[in-house]
Amino acid sequence: MKFILTIVMCSYYQGVCLTPYTFPKNYDSMYDCLLDGYTKSHDKIEELGRKEINAHGVYIKFDCRPATNT
């Protein structure tokens, strides 16, 4: 079974989320998908930086689901 990763960036203070983004890559396992989800979330948090995260209450959530096209 293959898995897809969807990530969403939200603002706690504004109560809104951006449009979810689904990565084109299919993962071979839930484990691989979860690891990449945490890595991509971590990288985005570092990219935005402490000031922006704190100013806007940004948080990131992600989901790994079975791919339907495989």
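What counts and how
- Residues numbered from 1 in each chain as written.
- Predicted model: local features only at pLDDT ≥ 70, side-chain atom pairs only at ≥ 80, totals over all residues.
- Heavy atoms only, no water.
- Salt bridge = Lys/Arg side-chain N within 4 Å of Asp/Glu carboxyl O.
- Helix = DSSP H or I, 4+ residues; strand = E, 2+ residues; numbered from the N terminus.
- Buried < 20%, exposed > 50% of the residue type's maximum accessible area, 1.4 Å probe, protein only.
- Disulfide = S-S within 2.5 Å.
- Contact = heavy atoms within 4.5 Å.
- Polar contact = N/O pair within 3.5 Å; in protein donor to acceptor, adjacent residues only side chain to side chain.
- Phe/Tyr/Trp six-rings, centres within 6.5 Å; stacked < 30°, edge-to-face > 60°.
- Lys NZ or Arg CZ within 6 Å of the ring centre and 35° of its normal.

Undergrad: Mind showing me how you'd approach the pattern of salt bridges here?
TA: One pass over the structure, following the stated rule, counts four salt bridges. A salt bridge links lysine 2 to aspartate 28; its shortest N-O distance comes to 2.3 Å. With lysine 2 in the segment before strand S1 (3-11) and aspartate 28 in the loop between strand S3 (21-22) and helix H1 (30-56), the pair connects residues that are 26 residues apart, well separated along the chain. We classify lysine 2 as partly exposed; its relative accessible area is 30%.

Undergrad: Hey, could you run me through the state of the cysteines in this one?
TA: A disulfide bridge is the covalent bond that connects two cysteines by way of their sulfur atoms. Summed over all chains, the structure comprises two disulfides. The side chain of cysteine 10 participates in a disulfide bridge whose partner is cysteine 17; the two sulfur atoms lie 2.0 Å from each other. Given an S-S torsion of about 100°, the disulfide between cysteine 10 and cysteine 17 has right-handed geometry. For cysteine 17, a relative accessible area of 40% translates into the label partly exposed. Across the disulfide from cysteine 33 sits cysteine 64; the S-S distance is 2.2 Å. Taking the sign of the torsion about the S-S bond as the criterion, the disulfide between cysteine 33 and cysteine 64, at about -95°, is left-handed. With cysteine 33 in helix H1 and cysteine 64 in strand S4 (residues 58-66), this pair connects stretches of sequence that are 31 residues apart.

Undergrad: Can you walk me through the environment of serine 41 in this structure?
TA: Mapped onto the fold, serine 41 is located in helix H1. On a C-alpha basis, the gap between serine 41 and lysine 61 in space is 7.7 Å, while along the polypeptide they are 20 residues apart. If we skip the residues at most four places from it in the chain, serine 41 touches Ile7, Ile60 and Phe62. Within polar-contact distance, the side chain of serine 41 engages the backbone oxygen of glycine 37 at 2.8 Å.

Undergrad: I would appreciate a short explanation of the packing of aromatic side chains in the present structure.
TA: Under the defined criterion, the tally for this structure stands at three aromatic pairs. Relative to tyrosine 13, the ring of tyrosine 12 lies with its centre 6.0 Å away and its plane at 65°, an arrangement referred to as edge-to-face. Note on tyrosine 21 and phenylalanine 23: the rings are 4.8 Å apart at their centroids and 85° apart in plane angle, and the pair reads as edge-to-face. Residue classification places tyrosine 21 among the partly exposed residues on the basis of a relative accessible area of 45%. Above the ring of phenylalanine 23, the side-chain terminus of lysine 40 is found at 4.9 Å from the ring centroid.

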